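Residue-level structure breakdown
Listed here are the chains, written in short residue letters.
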Amino acid sequence: MGEPNDRAVAVRAAAPVPRESPVMHPRLILLLFSLTFALALALIRPLPGHADPTTPTTSPAKKGAVRRPASLKRHSIRTLHAPLGARVARYARHLLGIPYVYGGSSPRYGFDCSGFVRYVYSKFGVSLAHSSYALFWRGRRVGRWAMKPGDLVFFDGEGHVGIYLGHNRFIHAPHTGTVVSISTMAGWYGARFDGARRIS
């Protein structure tokens, strides 16, 4: 073959030289990935001051605060640590106004005297007889001037019973035609007082 002429050399020189495809620097790839990830998080996360409608709005608990169960929030620390008798006397007041019913032992149907006492003490895990005569031999005897709230007080030959509240008053279901009420230890009841028993 002969030597290439000047025209052929010029054509080859004018032809475009193929370039290699650009290779992205690893640091640039990492930077682009980080920016994309940050943008995605910004789109998902709610803006400041705008609560997520799917989550309930609750105020954050203070640091070190102890959350109490709902059942405990209704009672003060003093109430929870009060003696049994004091808690019994406090609970008994919630039953004021319930009608007297002979043989009754629930607020739905009414109370007689021993049924009332039995119901109140059952709320504190104490099982008592539905009889004032049987109750007179339960617990330990206490003197009239040593009585405390929650003590059982007996009248009329042990045929009637109530719960002492303190300050010379007691709560009971008196008789047919009345409701659970508070009476004093004076007058008729004072004259027919038979004694008091403390349930432990």
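You'll find the structure just up there.
In short, a report on the structure. (Residues numbered from 1 in each chain as written. Predicted model: local features only at pLDDT ≥ 70, side-chain atom pairs only at ≥ 80, totals over all residues. Heavy atoms only, no water.)

Regarding the overall build of the protein chain
Formally: Labels follow the DSSP assignment, with helices taken as runs of H or I lasting at least four residues and strands as runs of E lasting at least two, numbered in each case from the N terminus. We call a residue buried when its accessible area falls under 20% of the maximum for its residue type, exposed when it is over 50%, and partly exposed in between, using a 1.4 Å probe and counting protein chains only. We call two residues contacting when some pair of their heavy atoms lies within 4.5 Å. Each accessible area is a Shrake-Rupley result for a 1.4 Å probe, and residues are judged covered by the shown protein chains and nothing else.
A tally of regular secondary structure across the protein chain gives eight helices and eight strands. Counting only residues that meet the buried cut, the protein chain has 28% of its 200 residues in that class. For the protein chain, the proportion of contacts with a sequence separation of at least 24, taken over those separated by at least 6, is 53%. For the protein chain, the exposed surface amounts to about 14700 Å²; the carbon and sulfur share of it is 60%.

Section: the sheet that holds strand β4 (residues 152-155)
The condition is simple: Note on pairing: two strands pair once DSSP finds at least 2 bridges between them. Orientation is described by axes fitted as lines to C-alpha atoms, over the contacting stretch for helices, and by angles from 0 to 180 degrees between their N-to-C directions.
Strand order in the open sheet made by the six strands is β3-β8-β4-β5-β6-β7, with antiparallel pairing throughout. Two strands bound the open sheet, and with one partner strand each, they are β3 (140-142) and β7 (181-184). Shown here is a sheet whose adjacent strand axes are inclined to one another by a mean of 40°, direction ignored. Contacting β4, β5 (160-166) and β6 (169-172), helix α6 (residues 113-122) crosses the sheet at an angle of about 50° to β5.

Some remarks on helix α5 (residues 84-92)
Counted only if it meets this: Summarising the geometry, the arc corresponds to the directions from the helix axis toward the C-beta atoms.
Gly-85, Val-88, Ala-89 and Ala-92 are the residues of α5 that are buried. Relative to the axis of α5, the buried residues are bounded by an arc of 95° and lie together on one face. At its buried positions, α5 is contacted by α6, β5 and β6.

Examining the packing of aromatic side chains
Applicable threshold: Here is the rule: rings of Phe, Tyr and Trp (six-membered ring for Trp) pair when centre to centre is within 6.5 Å. Planes less than 30 degrees apart are stacked, more than 60 are edge-to-face, and the remainder are tilted. Distance and angle both matter: a charge sits over a ring if NZ of Lys or CZ of Arg is within 6 Å of the ring centre and within 35 degrees of the ring normal.
Taken as a whole, this structure holds ten aromatic pairs when the rule is applied. Their ring planes at 75° and their centres at 5.6 Å tell us that Phe-111 and Phe-116 sit as a pair that is edge-to-face. Considered together, Phe-111 and Phe-116 belong to a single accessibility category, that of buried residues. A ring pair is formed by Phe-170 and Tyr-189, whose centres lie 5.2 Å apart and whose planes are at 80°; its orientation type is edge-to-face. Separated by 19 residues along the polypeptide, Phe-170 in strand β6 and Tyr-189 in helix α8 (residues 187-191) bring together distant segments of the chain. Judged by relative accessible area, Tyr-189 falls into the buried class, the value being 17%. Between Arg-144 and the ring centre of Phe-193, over which it is positioned, the NZ or CZ distance is 5.0 Å. It is Arg-197 that lies over the ring of Phe-136; its NZ or CZ is 5.8 Å from the centre.

Remarks on the pattern of salt bridges
Just so we agree on the cut-off: Any carboxyl oxygen of Asp or Glu within 4 Å of a side-chain nitrogen of Lys or Arg constitutes a salt bridge here.
Scanning all chains against the criterion turns up one salt bridge. Its salt-bridge partner being Arg-198, residue Asp-151 comes within 2.9 Å of it at the nearest N-O pair. Of this pair, Asp-151 sits in the loop between β3 and β4 while Arg-198 sits in strand β8 (residues 193-198), and the two are 47 residues apart along the sequence. The same class applies to Asp-151 and to Arg-198, which are both buried.

Considerations on the nonpolar core
Stated formally: Think of a nonpolar core as a cluster: buried Ala, Val, Leu, Ile, Met, Phe, Trp, Tyr and Cys residues, connected wherever their side-chain atoms sit within 4.5 Å.
By size, the foremost hydrophobic cluster in this structure holds 26 residues, and its most contacted members are Phe-111, Phe-116, Val-117, Tyr-121, Leu-152 and Ile-163. Of all the elements, α6 adds the most residues to this core, at six residues. Of all hydrophobic cores here, the second largest spans ten residues; its members include Phe-155, Phe-170, Phe-193 and Ala-196.

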